[in-house]
Amino acid sequence: MEGRMTHHPLWNNNNNSTSGIYISASPIPISRTAKSQLSRPWVSVKRPSFTFRFGGSPMEDPLTSSSSSSTTVSPRKNLTTSNHMRHVESMAKLPSGAGKITRLNAVILGEALASEEDDLVFPSENFSRQAHVSSLQKYLEMYRRSVQDPAGFWSDIASEFYWREKWGQQVYFENLDIRKGKIQIEWFKGGMTNICYNCLDRNIESGNGDKIAIYWEGNEPGLDSSLTYNQLLARVCQLANYLKDIGVRKGDAVVIYLPMLMELPIAMLACARIGAVHSVVFAGFSAESLAQRIMDCRPKVVITCNAVMRGSKIIYLKEIVDRALMESAQNGINTDVCLTYENESAMKKEMTKWIKGRDIWWQDVIPKYPVTCDVEWVDAEDPLFLLYTSGSTGKPKGVLHTTGGYMVYTATTFKYAFDYKPTDIYWCTADCGWITGHSYVTYGPLLNGATVVIFEGAPSYPDAGRCWDIVDKFKVSIFYTAPTLVRSLMREGDEHVSRYSRKSLRVLGSVGEPINPSAWRWFFNVVGDARCPISDTWWQTETGGFMITPLPGAWPQKPGSATFPFFGVQPVIVDEKGVEIEGECSGYLCVKSSWPGAFRTLYGDHERYEATYFSAFPGYYFSGDGCSRDKDGYCWLTGRVDDVINVSGHRIGTAEVESALVSHPQCAEAAVVGVEHEVKGQGIYAFVTLVEGVPYSDDLRKSLVMVVRNQIGAFAAPDKIHWAPGLPKTRSGKIMRRILRKIASRQLDELGDTSTLADPTVVDQLIALADC
């Protein structure tokens, strides 16, 4: 049926493998200098002689107490389990297939890890004692059970939530091996629940109705608001009742194109309450990108606002939606309702373009509806939301997450990775248009009964101290942001940080891309006053929640390393043949066995789901990322290995940008690669071949960039247009992107063999035009 999401019974194989961990412990000598430094709450010291190992060999426990009067740390109890992770083997010689280990890719700014990995940042005894996971020993006990008995481990956690009906005897069902049939993942199937009920009603029933659920900070300083859990539920129910009244039913899609107003999480929760499937589109995407998503999921309604202020700039969101709806209608997909919130601080009603019969003002209808709404109980495997992510083929992929497993996983990862306590005030700077805003602005925090800060504006407006002003204003204790923002604020100078107290901060977090050690240290030393651990999280839109992350208080951190896997996650590093590499190595990051938060399919294209994520290395989920593991077992993410560029945490398919460039009438061909960028992490570098006879010019360069901005969004605009008389291609016509990456990075002595090119002289031409 048009406009309705279908739930596909796609999976029928079971593969409940179990595994475990080997560890042992021994004392760690601490130097006199290091011992004196440990009087600080969190300190960075040179790495003592220890080896952090999973499986097969001894593992020394690096945790120590800041108040220890001895020069050694008491050994912890040994644990011996069945062989599983084999994270680290201290070897004089690399295992077969590992190849030469390069450190340069493990950090964004090219800093070699050889000098970085010797630093460890230890938790204080007080922090560890009060943490949910208070030691390495506790982590290992929990982790061991999570991989040996995933059904029991996750069932115990899931039972803490409300289920109208409990799941069946089979807790999970999986097949990650494409050679054994259709890829299938299910968790808690048969269990009936509702994530909105667990976010709101359950917290109210436990006595937290008057607790602040959301603090909202507007673009302009002094513009703010808040909602208690009682008030939030009432607002959610009013919108849910309206959606039902206009015919939105369980399984129907709703597209949400809103900035960071409180109405954004309200809309998400309202959809979840009635079983509708929300698809939030980042309110920075162009009309064309929005239209693509509308045409794919065929929503019953689009929810937006008339405009938003981003710093000093106004963005006319309703006009973008109008163009998108017109384009989708021209392609046969009509949307009957455009519910529009009047964001009066940015634009008044009377200034907004309007289409009678389709456009409805939020404020005119929603407040009239009842503040209670019955819950639609859904199966754990019923769809919760669609979130489109860039793909290397050019067409965005509709990542589909279901209800039960995602609910359990996001709540659990939030609790442990941030060491969340009921007294915490939590602020994640991400937009709900991305997965971070789904999992760690809305669902994860509210499932834990947290108080969340939502910020509408730009982090450097009106000046570079805005973030810390907000931290002090709301007494934020957990602050979660992207390395891009950290590096940007770092460049503005310490004085913008030091003039604010920030004493409320307890835990910091990093998301979106690997954080380089120098930015990590600045974040730790300047923002956190060398007392707040940093949860440097690795995960993806597809994983639903954290996969590799520090647990504050459980073990020492290394600046720039995501450290170790979360409960139930079994990461492996494989070579190009798909063979698991043990010990110290670099390779492709895969995951074996499923976890509750895993996405279930790509909407309407299960074949692409299997081909993209499970065909490269059969038996594993392939993340598309590279990873290095050091001799202590710490994981260092090295970035994308496919044709997706990670710009400020936004994954952008090179094919999307290339398609936009080629749509320009004077562009004959384009090839896009990612390059290191000191603020964004990766920048977009475009090689452009013009139509014969068209001269190079700055005006044309600007015009090409503008095409990309209009078709995709400002965040996808190329940082560099490199004029290309031709592109390096093989005789079969394949573009040699390896050569383009080397030219873009100015690694001209590492071009490698160019003899296979149809025209090797094109390389010299590209080098000659590098600075034009």
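In case you missed it, the structure is sitting above this.
What you see as residue numbers is a count from 1 along each chain, following the sequence as written. In keeping with the predicted nature of the model, local features appear solely for residues at pLDDT of at least 70, side-chain atom pairs appear and are counted solely at 80 or more, and the whole-chain, interface and lining totals rest on all residues. Note that the side-chain values use all heavy atoms of the structure and ignore hydrogens as well as water.

Here we look at the overall build of the chain
Phase 1: Secondary structure assignment for the chain yields 21 helices and 34 strands.
Phase 2: Three labels apply to residues, based on accessible area from a 1.4 Å probe with only protein chains included: buried if under 20% of the type maximum, exposed if over 50%, partly exposed otherwise in between. Counting only residues that meet the buried cut, the chain has 63% of its 772 residues in that class.
Phase 3: Across the chain, the fraction of contacts at a sequence separation of at least 24, relative to all contacts at a separation of at least 6, is 75%.
Phase 4: Just so you have it, the chain exposes about 27,500 Å², and 49% of that area is on carbon and sulfur atoms. Helix numbers and strand numbers start at the N terminus; a helix is a DSSP run of H or I with at least 4 residues, a strand a run of E with at least 2. The contact rule is simple, with two residues in contact once any of their heavy atoms fall within 4.5 Å. Computed by Shrake-Rupley with a 1.4 Å probe, the accessible areas treat only the displayed protein chains as cover when residues are assessed.

Regarding the pattern of salt bridges
Phase 1: The salt bridge criterion pairs a side-chain nitrogen of Lys or Arg with a carboxyl oxygen of Asp or Glu, the two atoms within 4 Å. Using the criterion set out here, one finds 34 salt bridges in the structure.
Phase 2: A salt bridge links Asp-201 to Arg-273; the nearest nitrogen and oxygen atoms lie 2.9 Å apart. Placement of the pair is Asp-201 in helix α5 (residues 195-208) and Arg-273 in helix α7 (residues 263-273), with a sequence separation of 72 residues.
Phase 3: Assessed through its relative accessible area of 10%, Asp-201 is described here as buried.
Phase 4: When its relative accessible area of 3% is taken as the criterion, Arg-273 is described as buried.
Phase 5: Two residues, Arg-502 and Asp-529, come together in a salt bridge whose shortest N-O distance is 3.3 Å.

Here's the deal with the environment of Phe-414
Phase 1: Structurally, Phe-414 is set in helix α11 (residues 404-417).
Phase 2: Taking the relative accessible area as the measure of exposure, Phe-414 reaches 0% and is therefore buried.
Phase 3: Residues Phe-414 and Tyr-440 lie 26 residues apart in sequence; the distance between their C-alpha atoms is 7.0 Å.
Phase 4: With residues near it in sequence (within four places) discarded, Phe-414 still touches Asp-419, Tyr-420, Tyr-426, Tyr-440, Gly-444, Pro-445, Asn-448 and Ala-450.

Overview of helix α19 (residues 698-711)
Phase 1: Take the residue count of a helix, subtract one, and multiply by 1.5 Å to get its expected span. The terminal C-alpha atoms of α19 lie 20 Å apart, and with 14 residues this matches the ideal 20 Å at 1.5 Å per residue to within 8%.
Phase 2: Listed as buried for α19 are Leu-700, Arg-701, Leu-704, Val-705, Val-707, Val-708 and Gln-711. Here the buried residues of α19 occupy an arc of 145 degrees about the axis, which is enough to place them on one side. Looking at α19, the residues exposed on the side facing more than 90 degrees away from the buried face are Asp-698, Asp-699, Lys-702 and Asn-710.
Phase 3: Looking at the packing, one finds that the buried side of α19 touches α8 (287-297), α18 (654-662), β32 (667-677), β33 (681-690) and β34 (720-723). Directions are taken from the helix axis to each C-beta atom, and the arc is the one they span.

Considerations on helix α3 (residues 136-148)
Phase 1: Between its terminal C-alpha atoms α3 stretches 18 Å, which fits the 18 Å expected from 13 residues at 1.5 Å a residue.
Phase 2: Among all positions of α3, only Leu-136, Gln-137, Tyr-139, Leu-140, Met-142, Tyr-143, Ser-146 and Val-147 are buried.

Focus on the packing of aromatic side chains
Phase 1: Classification of ring pairs rests on two measures: the distance between centres of Phe, Tyr or Trp rings, Trp counted by its six-membered ring, which must be within 6.5 Å, and the angle between planes, read as stacked under 30 degrees, edge-to-face over 60 and tilted in between. Enumeration over the complete set of coordinates arrives at 62 aromatic pairs.
Phase 2: Taking the centre distance of 5.6 Å and the plane angle of 50 degrees together, the rings of Trp-154 and Tyr-409 count as tilted. Placement of Trp-154 in helix α4 (residues 150-158) and of Tyr-409 in helix α11 is noted, with a sequence separation of 255 residues between them.
Phase 3: Owing to a relative accessible area of 1%, Trp-154 belongs among the buried residues under this scheme.
Phase 4: Feature note: the residues Tyr-139, Tyr-143, Phe-153, Trp-154, Tyr-409, Tyr-416, Trp-555, Phe-564, Phe-566, Phe-567 and Tyr-634 constitute an aromatic cluster, connected by ring pairs.
Phase 5: The positively charged end of Arg-293 is found above the aromatic ring belonging to Phe-285, 4.3 Å away from the centroid.
Phase 6: It is Lys-558 that lies over the ring of Tyr-634; its NZ or CZ is 4.6 Å from the centre. Think of it as a cone above the ring: NZ of Lys or CZ of Arg counts as a charge over the ring if it is within 6 Å of the ring centre and within 35 degrees of the ring normal.

What to know about the state of the cysteines
Phase 1: When two cysteine sulfur atoms are found within 2.5 Å, that pair is recorded as a disulfide. Enumeration according to the criterion identifies zero disulfides in this entry.
Phase 2: Here Cys-635 is not disulfide-linked; the sulfur of Cys-627 is the nearest cysteine sulfur, at 4.3 Å.

Brief notes about the sheet that holds strand β15 (residues 337-341)
Phase 1: Pairing is mixed in the open sheet, where eight strands are placed in the order β16-β15-β12-β10-β11-β18-β19-β27. This sheet does not close on itself; its edge strands, each paired only once, are β16 (359-361) and β27 (601-602).
Phase 2: In this description, strands pair whenever DSSP reports at least two bridges between them. In the sheet, strand β11 (residues 277-280) pairs with strand β18 (residues 383-389) via two bridges, with the strands oriented parallel. Directly across from Ser-279, in β18, lies its bridge partner Leu-386.
Phase 3: Axis definition: a line fitted to C-alpha atoms, limited for helices to the stretch in contact. Angles are taken between N-to-C directions and run from 0 to 180 degrees. This element, α7, spans β10 (253-257), β11, β12 (301-305), β15 and β18 of the sheet and lies at about 175 degrees to β10.
Phase 4: The strands touched by helix α9 (residues 317-330) within the sheet are β10, β12, β15 and β16, with β12 carrying the most contacts at an inclination of about 155 degrees.

Observations concerning the pairing of β11
Phase 1: Going residue by residue along β11, you find Val-277 and Ser-279 tucked away on one face and His-278 and Val-280 tucked away on the opposite face as well.
Phase 2: Pairing between β10 and β11: four bridges, direction parallel. Bridged to Ala-253 within β11 is Val-277.
Phase 3: Traced from β10 through α7 to β11, the parallel crossover comes out right-handed. Looking down the strands as they point away from the viewer, one classifies a crossover as right-handed if the path from the first strand across the helix to the second runs clockwise.

A word on the side chain of Asp-625
Phase 1: Tracing the backbone through its elements, the reader meets Asp-625 in strand β28 (residues 621-629).
Phase 2: With a relative accessible area of 8%, Asp-625 lands in the buried category.
Phase 3: In terms of polar contacts, Asp-625 uses its side chain to reach the side chain of Trp-538, at 2.9 Å.
Phase 4: Not counting chain neighbours up to four residues away, the residues in contact with Asp-625 comprise Trp-538, Gln-540, Gly-587, Tyr-588, Leu-589, Leu-637, Gly-639, Arg-640 and Val-641. Identification of polar contacts relies on pairs of N or O atoms within 3.5 Å, with a donor-acceptor requirement for protein atoms, meaning one able to donate a hydrogen and the other able to accept it, and with residues adjacent in sequence counted only if both atoms are side-chain atoms.

Things to note about the pairing of strand β29 (residues 635-640)
Phase 1: Pairing analysis gives five bridges linking β28 to β29, with the strands arranged antiparallel. Bridging from a neighbouring strand, Gly-626 pairs with Gly-639 of β29.

Description of the side chain of Arg-701
Phase 1: The residue Arg-701 is located in helix α19 in this model.
Phase 2: Those residues in contact with Arg-701 that sit more than four places away from it in its chain are Ile-721, Trp-723 and Cys-772.

Considering the sheet that holds strand β21 (residues 451-455)
Phase 1: Strand order in the open sheet formed by seven strands is β9-β8-β21-β20-β22-β23-β24, with mixed pairing between adjacent strands. Looking at which strands have only one partner, the edges of the open sheet turn out to be β9 (224-228) and β24 (534-536). Mean inter-strand twist for the sheet, computed between neighbouring axes without regard to direction, equals 15 degrees.
Phase 2: The pairing of strand β23 (residues 507-510) with β24 spans three bridges and is parallel. Looking at the pairing, Leu-508 lines up with Ile-534 of β24.

Quick look at the environment of Arg-298
Phase 1: By the element assignment, Arg-298 lies in the loop between α8 and β12.
Phase 2: Classification of Arg-298 as partly exposed rests on a relative accessible area of 36%.

Let's talk about unusual backbone geometry
Phase 1: Geometrically, the link from Tyr-461 to Pro-462 is a cis peptide bond, its omega value of 0 degrees lying close to zero.
Phase 2: As for its placement among the helices and strands, Pro-462 is situated in the loop between β21 and α13 (466-474).
Phase 3: Here Ser-593, not a glycine, exhibits a phi torsion of approximately 75 degrees, which is positive.
Phase 4: Residue position: Ser-593 is located in the loop between β26 (585-591) and β27.
Phase 5: One non-glycine residue, Arg-746, lies in positive phi territory at about 60 degrees.
Phase 6: The topology assignment puts Arg-746 in the loop between α20 (737-744) and α21 (761-768).
Phase 7: Owing to a relative accessible area of 38%, Arg-746 belongs among the partly exposed residues under this scheme.

Distances and angles like these do not, on their own, reveal function.
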